[in-house]
Structure formats: C-alpha cells, structure tokens
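# Structure at a glance
Next come the chains, spelled out residue by residue.
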Amino acid sequence: MTIFVDIGPLDAIPRQGARVVKTGQGCVAVFRTMDDQVFALEDRCPHKGGPLSEGIVHGTLVTCPLHNWVFDMNSGAAQGADEGHVRTYPAKLQGGRILLDATLIRARSAA
Amino acid sequence: MSTTVISRKKLVVIGAGMASGRLLEQLFEAAPGAYDVTLFNAEPRGNYNRLMLSPVLSGEKTYEQIVTHDDTWYTAHHVDCRFAEPVTRIDRKNRVVYSNSGGAPYDALVIATGSAPFIIPVPGKDLPGVVTYRDLEDTQAMMDTAGKDAVVIGGGLLGLEAAAGMAARGARVTVIHLMGHLMERQLDPAAGYLLQKDLEKRGITVHCKGATKAILGNDRVEAVLLEDGTVYPADLVCMAVGIRPEVRLANDAHLEVERGIVVDDALRTSDPHVFALGECVEHRGQVFGLVAPLYDQAKVLAKTLLDQPAVFAPVQTATKLKVTGCDLYSAGDFADAPGREDIVFRDPGRGIYKRLVLEDNRIIGVVMYGDTNDGAWFHGLMKDATDIGPMRDTLIFGPAFQGGAAPDPMAAVAVLPPEAEICGCNGVSKGTIMDAVAGGACTLDAVRACTKASASCGSCTGLVQQVMALTLGGAVADAPAGMCKCTDHSHEDVRRLIRSMGLKSIPAVMQELGWKSVGGCHSCRPALNYYLLAEYPLDYQDDRQSRFVNERNHANIQKDGTYSVVPRMWGGVTTPAELRAIADAAEKYDVPMVKVTGGQRIDLLGVRKEDLPHMWADLNAAGMVSGAAYSKGLRTVKTCVGKEFCRVGTQDSTGLGIRLEKLMWGSWTPHKLKLGVSGCPRNCAEATCKDIGVVCVDSGYNIVIGGAAGMEVRETEHLASTPSEDEAIRIILAVTQLYRENARYLDRIWKWMGKVGLDWIRAQVVDDLENRRALVERFEISQSVYRRDPWADLSTPSETPKWAPLADLTLEAAE
Ligand SMILES: Cc1cc2nc3c(=O)[nH]c(=O)nc-3n(C[C@H](O)[C@H](O)[C@H](O)COP(=O)(O)OP(=O)(O)OC[C@H]3O[C@@H](n4cnc5c(N)ncnc54)[C@H](O)[C@@H]3O)c2cc1C
Ligand code: HEM
Ligand code: SF4
Ligand code: FES
C-alpha cells in the first residue's frame, strides 16, 4: 500500500499547468489537468533532460518544452515515433489537497 | 372517524421538506397507524416540490401547482402541523423538542432540516435586496425583477436556473462565476461553453473567472463590485454559491456531526432514538444535493422506523438543468485518469456535444449538451456496468444508431450565415459565392473570376472550396492541410472562422470547429491563443497555459532549465544607473554569464526560476522592463547613433528607434518581430536584414520589410518612402497590425509577404490612407491592453511564491 504525504492545495497549481516538488529522488513535476486530475512525473525528459513541468499540458499529455517530445502522464511513455519513458509516481487528490507518494521523502539510495 | 385511541408512539419530524415528505408518504402507506406525527417546519407552509421553484420563477408554473401535501392530506393522516414554527432545541435526555411556542415529546425523532445556502462573506452581504435561492420567499423576490438589473453570483445549477428564470421575467441578468466555465462540477469546458452561449442568446451576461469583492449600496443593494474592478448594477443580488447541511440543532444537541449529521446505513444518528435524512445528513463521508438519493433514504428510514431491516446505499445520480431550451446532461465521473479513454462527438452546426468516458470498456461518465435524448440509455449502461466492447464504434450515436456516417467536417461552414465574410482581401461573403455557383461558376477559377474570392492572397481557398462543395453538393479539389492533427481546418480557415463566427475562447473554437481532441495539442493551442488575443484584444483573456514556456515564464529557458533575463534598453540606449542595477542583479543572483546580445542589450544567463521574480522586482525598481527577448512579439529596435553624433547621419535614427520601441513594446505578433533604424545608407544598424527596417536618407525615411538573418538570410524589400518621421511611424504600425491580423502563426514577415505579395501589403498600408488609419487605430486598441510590463505583473507578493517549488520533501524527516 502506498503511504501519501500532503504537498499542498490543488489551487496552488494552475489548470493545465504544473509545479515542482523537490524530493529525495530529484525534482518531481506535479501536474493538474483541465479537469482537475493530478499526476506526478519525474521532472526530467529522457531526451535531453528538459523540465517537463514547463511543458504545455493537453488532455493527459504533456509536451516537453525543449524539443517537443510528448508524454502520456498516465504511463510516462513517450508518444509517436519517440522512444522513452519518464518515471511516474503515485499522486492523488483528497479533499482539495494533493497527496504524493511518501517514499519520495527518502533518498534514492535508501529506497 | 376511528374512535379506538390506543396510545401510539410519537414521531416528531423537524422540517417539512422533500425528504421528510417522502418519508411520511412511505410510512403512512406501509403502516397507517404506527405513529402519531408532529411536523415542524420553519417555512409557513407544508411540503412543496422545491425542485419546481424554477418553473414558478420563470412563470411556467404557479405555486399551487407544485404543492405536494395540502391541508387535506395532512388532516387525513392526522399530522399535527406546526408550520412557521422553527425548532430551537432538542432535549435528548427527556426526548422533547422545543420551538418558541412550547415543547413536543417524542419516542422517535427525525431531523430533516435540509441545507442552508452558503453566503460569501463580502461587505454588503446583508443589504436588503440580497437573496439566496432556497424557498418560496426567495423565489417571490426574484419574480419581481421585470425591467430591473439582477446579478446572480454563482454559475452552478441553482444560479443558472435563477438567472434564466429572472431573464424570462424580463430582468437584465448578469451571472458572475468564479471558475473558468459554467457548472464546472458537472460539465467539461466544451459543454460549459455551449451552455454559456445559449444563456447569452437569452440576453444573460456571463462573467466567468469573476470574484466578488463587495456588494455596494446604501439602504439597499445597488451594484456588485468584482476583484478585477468590474461593477455591475443590481436591484437584486442572488447568491447561489453552494449549500451546506443545516446541522445547527444537531450540533447543539451534541449528536455526532461532521459535514452533515452522521447516520448509519439505517439512517440512525449517534442517538438510537434520533434519525436523520435529507441534505442535512452525511452517510459514509458523503453529503447530498439532489433528491434521488434522498428518496431512497426515505424508503429506508420508513422501514427502520417500523423495525424492518433496510440498508441505504447511494446510487450515482445524473444532473439535468431545468432551463427550458438548454439541454444538458451529466452523470458519473468525467475526469481524465489513468486507463480512461474518451469518445467525443461534436456537431457544431447543431450545437451538440457528447462525451463518454470509458474505463475497461465500461462507461463511467457521460456529459452531453444540445441533444440529451440518449442520456438515460447511457446512464443505464453506466449503472449496469455493461461491457460496451461490441458496440464501441457506434456507441456515441446512441441506441437507435448502428453504423452511420461520420460527423460532417463541413458543418461549421454550413451554418455560416450568407453575409459571413469568406474572403477578407476582397470582402466576398458566403452568399456571394453561393450565388456565383448557382449562376454557373462551378470551378474555383470561375468563382475567382466572377467574385474575386480567394483571388488575392489565396489563403481562404479552402473555405471557398467548402462553400462551393456545399452549394454543388460534392467535393471540390483538395483543401489545404489542417493546422494540426486536432483539426482539418487550415490556419487561415480557423482564423477566418474565429472572426466570422465571433468565437472568443479556445473551448469555443474547439467546439464550433469540431476539434478532434479533448484539449488540443502543443501546436494548436499557442496558435489559437494568439489568434484570439489578436482578434479580441479587449475581450479575450490571455491563456498562459496555452503558451510555450518562454512566454509563460517571461524568460528564455536554457538547456539546463535555468533562464536568461534581458531587460529592455530602448533603442539600445542605456545609462550608468541602469548598468549599475544590472551589475547589482548579476552579483546578487550569482549570474554565471553576462553577455551583450546582437540586439543591443545585456543578457543575464543562467538564472534560477525561483529567482526570476526577485530579479525582475530589482530591475523594475531601477526603471527597467522586460525586453521580451523570449516572445513572439516585438523584440528589439536596433539603432545607430544617427545624426545626433555621426558625421554622415541624415536623421535622428536613435530617437526614431526609441519612439518606435516605446509604441510597440509588449505587442504580440505571429512570430518574433525585430526592427532596425539606420541613420544613413551605410546601415550600421543592419536594418536591411530586419523584419521591419528604416534607412534614413536626406529626403526622409525609407521603410523596408521582410528581411531575415537566420537559417534563411534575406534582404528586405522597399515598402515606402516618406519625408515625415510621423508618417514613417504610422506606416510601420499599420504594417505591423496588418501582419498581426493576417499572417499565420509562426510565419515571419518575409514568409507572409511571400504569400500575400508586397504589392497587396503596400496597397493596404501605403496607398489606402483610410485603411492605414484604421489599422493604426486597431493596433493602438490592442496596445492599450498589452503595453504593460509582465515582470511587474508577475513579481507581486501573491505571484512570487508560485515560481518556487510547491514543496520540498528533502526537508521532511525520513520516517
Ligand atoms: C431552486 C431549487 C432547484 C432544485 N432543483 C433540483 C433538481 O432539479 N434536481 C434535484 O435532484 N434536486 C434539486 N434541488 C435540490 C433539492 O430540492 C434538495 O435536494 C431537496 O429539497 C432536499 O430535501 P430535504 O428534505 O433534505 O431539505 P428541504 O427540502 O430543504 O427541506 C428542509 C426543510 O426543513 C426546514 N427547516 C430547517 N431548519 C428547521 C428547523 N430548525 N425547524 C423546523 N424546520 C426547519 C426548512 O425550512 C425546509 O422547509 C433543487 C433545489 C432548489 C432550491
Ligand atoms: C530556435 C531558434 C533560436 C534560438 C533558440 C535563439 C536563441 C537566442 C538567444 C538565447 C538570444 C539571446 C537573447 C536572450 O538570451 O534572451 C537570441 C538573441 C538573438 N537572436 Fe536568436 N535564437 C533563435 C533563432 C534566431 C534567428 C532565426 C535569428 C535571426 C533571424 C536570431 C537572431 C538573434 C538576434 C539578432 C538576437 C539578439 C536580439 C536580442 O537582443 O534580443 N535568432 N537568440
Ligand atoms: S548608419 Fe550612417 S548614420 Fe548611422 S552610424 Fe552608420 S554611418 Fe552613421
Ligand atoms: S529534452 Fe525533452 S524533448 Fe528534448
């Protein structure tokens, strides 16, 4: 079972936008879609390290701001001809608060 | 009448609303003599159908028609009616409830007090003329608004029914809604847009993203003031921003209360003699706002009161808005989530939108607008968790439909009125083209020859062909490619349709033009955002989330995720004080590189995102604004020193450059826009490879356009010459506006010029003085909005924290 940690209110993220959370395993981008779903992805594009948190969010996809690779936030998989995978983390919404997988508090070595 | 009086158990009910009304019906039917019932109600009347207040408000029904239980009914069931007698206290120890006229003992007590409307705590909320929408008194106040101004705060179900009802009574109604689209809890943006359009057709003004700051007035309400400064006059204000369970009595009696009065599956509260049902309860963490589950509760509670086992299990409820002519339907969960898929159907011509959300081949959510006939069928499939795999392809067309045609991509063109302009260059309307086709012009060349439609820049060719195809009833040659995979319409078509159909938001464009995806993509969203802000500078609210990172963050992102900051230096001129402020900022924020750019200003490279607003505030304090070195908009105006210092200079090129930059900064353009002004043909400012250049000569100013010095290197071409600096400026503003209004997103001027031709541009901005004046005026209107510094807007105390991480878990104790 996943244990969650509260990282802030939903309102802190604009619709179709993202905010970054610093974690023991690097920066995680927490996205909010047009219809208030939240997703958490590693904030590092597998292509050349672009910050996905700065990408354009459309539906449940996000486009990397550096060279336009597109990722499905459900699976972290690159779309179309590009091949690659971004790590995803459990995240959910509860009573207007965003909850993130608490294991992210720990450093990667300990995980 | 019966004379056998056995001492029956006493049931006291607090609240004569929809839930308790149904409970009494169930109880009297199952066991007519089980209880002596005393019924308290705060309202001076018995049970009526609260849902039907909206038809009463709009005049479609009278109050008498919506009464559920009248005096005869209560008498027949020996109910002791204590109407207009609010209960003030429950004495649980002695099992007595009290009103101001005395007590009533009970063996069993039912609390059914419903909800209380939520009042937003703004100044003026208590002024006479401010009402909510809950009971007959509220309804009567709103019925009295004919010819008056009414403001409804809240664009959910209740607010919109109130608004439509008052509009039907002849009031001038404005709806203020906090969120980006109406009924955001039930509808997605596309359906919300259609709803807004239908309400606007009834003369209702809708103001989304509007936060109420205060209700104004002396002795009674006079107006509503929003945070953004808008003021709407109001003779009546209806607050419909939500409800909360009415739990005060239960709280005072120390029953277990969370959001609502906590009840178990049998609807018993924490006291075994006290029961509750309706909107005042909370069951397994859930509270209620629609009647369907309350009726189920009534059934269960009737059994519980008769000592029969029964369990309440809420079912999903669908929502319909009761505004005649606005058909919408929403049920289930329609948010995106892992493993979910959408089936979307749009018929722009008929204003229809349907969306099904699927998970594991089962429907889990339905949103429909315009045509809701199949709602119940979808809802049935959803409730039964039917595997829709076998009918998936045709599911969206409903039960009657198996294997039909795909939606018509030409629908948007089909619904255009005959006077809609198709060819902007030559002012040719749809009707004119249809007449030409009817008169025998059945090839594109023939239509061009007799109407001139698409005969100039040609960018409307696709639309002209579609009009011809509609008229002829078949396809006419190939139309240009769609702007991206989300649509078959070309950039030019989309732009023209935005104009002729008056589309003012991204959801509006996507709906009316039949977008195939739910939220567009990274290629169409920035383009649409630009087209809309260029078309409707005063109405359109820039959508930051539809912008590329640089324009969203007002800085250039670097390959390592840091940013560069370039303050504006008007015409490349700076001062020691500015340089000092730049140097200070560079040191304060540890800027790894300070570089002079090719655009005659200074670049601070490698700034961390969270430092941006602080650095901007420092630079703002020294009088500097954003250089927009990141924008598809005005970048720099590069100048030479000109005749002020240079021994061969002919005009004040520096001064002209500064004037131009001060007029044009902040403007958004289809692609980046760089200017240069040289003081003589030696051209030290390299003006002849800029988008727009000025080369000064003894006799005045040569204006040149269409240069480039990127992957493509091109020399500018001569547009006009004038002896007057003022006229040079007007021509430059006019050509900029022409470019803004006509070029495809991401076309530089040279590319656009290649499509429409320099001659056409010259005819518009040099020869046609009236048109030039109009273009300059439209540019000025737009600049009245956009000539402002984004850095100042974004370095405020409320914005600055948003640039930092949302949370830092590395600081949390690892446990
Ligand atoms: C205008 C309008 C339109 C609606 N449209 C729909 C719709 O289309 N579909 C839908 O499903 N739902 C709709 N609803 C919601 C629906 O009406 C409610 O869900 C339902 O009425 C709740 O029933 P209830 O018995 O819990 O509360 P109510 O019907 O509100 O009854 C509670 C009663 O208790 C009384 N009361 C409160 N405190 C005390 C006290 N201390 N002493 C004595 N009496 C007290 C109140 O005066 C009230 O009469 C609408 C509501 C409104 C206002
Ligand atoms: C993907 C394409 C491009 C990238 C990433 C890019 C990047 C940059 C950067 C980083 C700067 C410095 C300004 C700053 O740091 O904010 C800059 C400025 C400049 N670029 Fe480019 N550029 C691009 C395309 C072009 C093209 C096509 C041209 C020529 C037509 C061009 C001409 C210039 C000039 C003249 C400047 C100086 C302007 C100023 O001071 O703002 N660039 N560009
Ligand atoms: S362009 Fe002409 S006026 Fe300007 S600095 Fe060069 S030589 Fe002097
Ligand atoms: S770094 Fe993301 S697409 Fe290149």
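Look above for the structure.
Everything quoted here is computed from the prediction, not taken from an experiment.

## Re the overall build of chain B
Per the secondary structure count, chain B includes 25 helices and 39 strands. In chain B, of all internal contacts separated by at least 6 residues, the share reaching a separation of at least 24 is 62%. Of the accessible surface of chain B, which amounts to about 34,600 Å², a share of 51% is contributed by carbon and sulfur atoms.

## With respect to the overall build of chain A
Looking only at helices and strands, chain A has zero helices and ten strands in total. The helix and strand sequence of chain A, counted from the amino end, reads β-β-β-β-β-β-β-β-β-β. Each of the 111 residues in chain A was classed as buried or not, and the buried ones make up 56%. Intrachain contacts of chain A at a sequence separation of at least 6 include 42% that bridge at least 24 residues. With the model as given, the accessible surface of chain A reaches about 4,600 Å², and the carbon-plus-sulfur share is 49%.

## Here's the deal with the pairing of strand E14 (residues 223-226) of chain B
All names here are of chain B. In terms of strand pairing, strand E13 (residues 212-216) meets E14 through four bridges, oriented antiparallel. Residue pairing for E14: Ala-214 is matched across the bridge by Leu-225. Between the end of E13 and the start of E14, which pair antiparallel, lie six residues, with Gly-217 showing a positive phi angle near 155°. Bridge count between E14 and strand E15 (residues 231-233): three bridges; the pairing is antiparallel. Across the sheet, the residue bridging to Val-224 is Tyr-232, located in E15. Linkage of E14 to E15, two consecutive antiparallel strands, is achieved through a turn of four residues, within which Gly-229 is found at a positive phi near 95°.

## Description of the environment of Gly-21 of chain B
The residue Gly-21 of chain B is located in helix H1 (residues 18-30) in this model. When neighbours within four sequence positions are excluded, Gly-21 of chain B is seen to be in contact with Asn-47 and His-69 of chain B.

## Thoughts on the site of ligand 1
Residues and elements named next belong to chain B. In the neighbourhood of ligand 1, 27 residues make up the surrounding shell, with Ala-19, Arg-134, Glu-279, Val-291 and Lys-322 lying closest. Note that an oxygen atom of ligand 1 is positioned 2.9 Å from one of the side-chain N or O atoms of Glu-43. When ligand 1 is considered free in solution it has 990 Å² of accessible area, and contact with the protein chains removes 90% of it. Taken together, the elements giving at least two residues each to the shell around ligand 1 come down to H1, helix H5 (157-168) and helix H8 (291-305). Of the residues that constitute the shell around ligand 1, the class distribution is 14 nonpolar, seven polar and six charged.

## Quick word on the site of ligand 3
Near ligand 3 the following residues occur: Cys-640, Gly-642, Cys-646, Val-648, Gly-649, Gly-679, Cys-680, Arg-682, Asn-683 and Cys-684 of chain B. The class makeup of the residues in the shell around ligand 3 is five nonpolar, four polar and one charged.

## Remarks on the interface of chain B and chain A
Taken together, the contact between chain B and chain A spans 42 residues of the former and 36 residues of the latter. Three residues stand out in chain B for area buried against chain A, namely His-522, Leu-806 and Leu-809 of chain B, and they jointly supply 25% of the buried area on that side. Note that Asp-35 of chain A is salt-bridged to Arg-355 of chain B, the shortest N-O span being 3.8 Å. Applying the counting criterion to the chain B and chain A interface returns 15 residue pairs in polar contact (both at pLDDT 80 or more).

## So, empty space enclosed by the protein
Residue and element names in this part refer to chain B. Within the structure shown, the criterion is met by two cavities of 30 Å³ or more. Around the largest cavity, the lining residues are Pro-526, Asn-529, Tyr-530, Ser-546, Arg-547, Phe-548, Glu-551, Lys-632, Trp-668, Thr-669 and Tyr-745. In terms of residues, the lining of the largest cavity owes the most to one element, helix H16 (residues 524-535), which gives three residues. Looking at the lining of the largest cavity residue by residue, the classes come out as five nonpolar, three polar and three charged. Estimated volume of the second largest cavity: approximately 40 Å³. Around the second largest cavity, the lining residues are His-554, Ala-555, Asn-556, Ser-564, Val-565, Val-566, Ala-628, Ala-629, Tyr-630 and Trp-791. Split by residue class, the lining of the second largest cavity holds seven nonpolar, three polar and no charged.

## Re the sheet that holds strand E6 (residues 61-63) of chain A
Strand pairing in a sheet takes place through backbone hydrogen bonds and is either antiparallel or parallel in direction. Residue and element names in this part refer to chain A. With antiparallel pairing, the three strands of this open sheet are ordered in space as E5-E6-E7. This sheet does not close on itself; its edge strands, each paired only once, are strand E5 (56-58) and strand E7 (70-72). The sheet shows a mean angle of 25° between the axes of neighbouring strands, taken without regard to direction. In this sheet, E6 lies alongside E5 in antiparallel orientation, the contact comprising three bridges. By the bridge assignment, Ile-56 is partnered in E6 with Thr-63.

## Section: the nonpolar core
Residue and element names in this part refer to chain B. Residues Met-166, Leu-195, Ile-433 and Trp-515 are the most contacted members of the largest nonpolar core, which totals 90 residues. No other element matches H16, which puts eight residues into this core. Among all residues touching Trp-515, those that are not within four sequence positions of it are Arg-346, Met-483, Cys-486, Thr-487, Val-494, Val-509, Met-510, Gly-520, Cys-524 and Leu-528. The next biggest cluster of nonpolar side chains, apart from the first, holds 52 residues, and it includes Phe-40, Val-87, Leu-109 and Ala-250.

## Considering the sheet that holds strand E28 (residues 556-557) of chain B
All names here are of chain B. Spatially, E28-E29-E31-E30 is the arrangement adopted by the four strands of the open sheet, whose pairing is antiparallel. Either end of the sheet is taken by a strand with one partner, and the two such strands are E28 and strand E30 (593-596). Pairing of strand E29 (residues 563-565) with strand E31 (residues 602-607), which is carried by three bridges, proceeds in the antiparallel orientation. Bridged to Tyr-563 within E31 is Val-607. Contacts between helix H19 (residues 612-621) and the sheet are confined to E29 and E31, with E29 contributing the most and set at about 5° to the helix.

## Some details on the pattern of salt bridges
Under the criterion given, the structure shown has 46 salt bridges over all chains. Lys-609 of chain B is the partner of Glu-54 of chain A in a salt bridge, and the nearest nitrogen-oxygen pair spans 2.7 Å. Note that Glu-54 of chain A is positioned in the loop between strand E4 (38-42) and E5 and Lys-609 of chain B in the loop between E31 and H19, a pairing that runs across two chains. Of the residues examined, Glu-54 of chain A reaches a relative accessible area of 5% and is grouped as buried. We classify Lys-609 of chain B as partly exposed; its relative accessible area is 22%. In this structure, the salt-bridge partner of Arg-547 of chain B is Asp-542 of chain B, at a minimum N-O distance of 3.1 Å. Classification of Arg-547 of chain B by relative accessible area gives buried; the value is 5%.

## A word on the packing of H1 of chain B against H8 of chain B
Residue and element names in this part refer to chain B. Taken N-terminus to C-terminus, the directions of H1 and H8 make an angle of 40°; their axes are 8 Å apart at the nearest point. Taken together, the axis directions place H1 and H8 in an arrangement best described as oblique. Here H1 runs over H8; the crossing is right-handed. For the pair H1 and H8, the contacting residues are Met-18, Ala-19, Arg-22, Leu-23, Gln-26 and Leu-27 in the first and Val-291, Leu-294, Tyr-295, Ala-298, Lys-299, Leu-301, Ala-302 and Leu-305 in the second. Residue composition of the contact of H1 with H8, by class: eleven nonpolar, one polar and two charged.

## Digging into helix H21 (residues 725-742) of chain B
Residue and element names in this part refer to chain B. In this model H21 runs 26 Å from its N-terminal to its C-terminal C-alpha over 18 residues, within 8% of the 26 Å that 1.5 Å per residue would give. Of all the 18 residues making up H21, 14 are buried; the element is thus mostly covered by neighbouring parts of the structure. Two to three positions downstream of the cap, the backbone nitrogen of Asp-726 sits 3.2 Å from a side-chain oxygen, assigning the N-cap of H21 to Ser-724.

## A word on the side chain of Thr-669 of chain B
Residue and element names in this part refer to chain B. Relative to the assigned elements, Thr-669 resides in the loop between helix H20 (653-664) and strand E33 (673-678). Overall, Thr-669 belongs to the buried group, its relative accessible area being 0%. A polar side-chain atom of Thr-669 sits 2.6 Å from the main-chain carbonyl oxygen of His-671. Apart from the residues lying within four places of it in its own chain, the contact partners of Thr-669 are Tyr-530, Lys-632, Gly-633, Leu-634, Thr-736, Tyr-739 and Arg-740.

## Regarding the packing of aromatic side chains
Residues and elements named next belong to chain B. On inspection of all chains with the given rule, the structure shows twelve aromatic pairs over all chains. Aromatic side chains Phe-288 and Phe-312 sit 5.8 Å apart centroid to centroid with 65° between the ring planes, which places their arrangement in the edge-to-face category. Here Phe-288 is found in the loop between strand E20 (281-283) and H8, whereas its partner Phe-312 is found in the loop between H8 and strand E21 (319-320), with 24 residues between them in sequence. Note on Phe-312: relative accessible area 2%, which makes it buried.

Reading the values: rules and limits
- Counting starts from 1 at the beginning of each chain's written sequence and moves along it residue by residue.
- Going through the entries in the order they are written, you letter the chains from A and number the ligands from 1.
- Given that the model is predicted, a residue must reach a pLDDT of at least 70 before its local features are reported, and side-chain atom pairs must reach 80 or more before they are shown or counted; all residues, however, enter totals for whole chains, interfaces and linings.
- Working from all heavy atoms in the structure, the side-chain values ignore hydrogens and water.
- Numbering of helices and strands runs from the N terminus, with a helix taken as a DSSP run of H or I at least four residues long and a strand as a DSSP run of E at least two residues long.
- By definition, residues are in contact when any of their heavy atoms lie within 4.5 Å.
- All accessibility values rest on the Shrake-Rupley procedure with a 1.4 Å probe; residue burial counts only the protein chains present in the view.
- Buried means the residue's accessible area, taken with a 1.4 Å probe over protein chains only, is under 20% of the maximum for its type, while exposed means over 50%, and partly exposed covers the values in between.
- Strand pairing follows a simple DSSP-based rule, namely that at least 2 bridges must link the two strands.
- Any residue with a heavy atom lying within 4 Å of a molecule or strand is counted as near it.
- Any pair of nitrogen or oxygen atoms within 3.5 Å is treated as a polar contact; in protein, a donor-acceptor pairing is required on top of that, and neighbouring residues in sequence qualify only through side-chain atoms on both sides.
- For this classification, Asp, Glu, Lys and Arg are treated as charged, while Ala, Val, Leu, Ile, Met, Phe, Trp, Tyr, Cys and Pro are nonpolar and the rest, including Gly, are polar.
- The quantity reported as buried area is the accessible area (1.4 Å probe) lost by two parts once they are put together, taken as the sum for both.
- Should a side-chain nitrogen of Lys or Arg be within 4 Å of a carboxyl oxygen of Asp or Glu, the pair is scored as a salt bridge.
- Grid points spaced at 1 Å and placed over the protein atoms alone form the basis of the search, with a cavity being a set where a 1.4 Å probe fits but cannot get out and a pocket an open set showing protein on both sides within 12 Å along at least five of seven lines. Lining residues have an atom within 4 Å of a point.
- Grid points are joined across faces, edges and corners, and a volume is the space filled by probe spheres set on the points.
- As a rule, the C-alpha atoms of each element are fitted with a line to give its axis, helices using only the stretch in contact, and angles between N-to-C directions run from 0 to 180 degrees.
- Buried Ala, Val, Leu, Ile, Met, Phe, Trp, Tyr and Cys residues that are joined via side-chain atoms within 4.5 Å together make up what is termed a nonpolar core.
- Note on angle classes: values under 35 degrees are labelled roughly parallel, values over 145 roughly antiparallel, values of 65 to 115 roughly perpendicular, and the remainder oblique.
- What makes a crossing left-handed is the near helix being turned counterclockwise from the far one by less than a right angle; a clockwise turn instead makes it right-handed.
- Helices are assigned an expected span. That span is 1.5 Å times one less than the residue count.
- Only Phe, Tyr and Trp rings take part, Trp by its six-membered ring, and two of them pair if their centres are within 6.5 Å. Stacked means planes under 30 degrees apart, edge-to-face means over 60, and tilted covers everything else.

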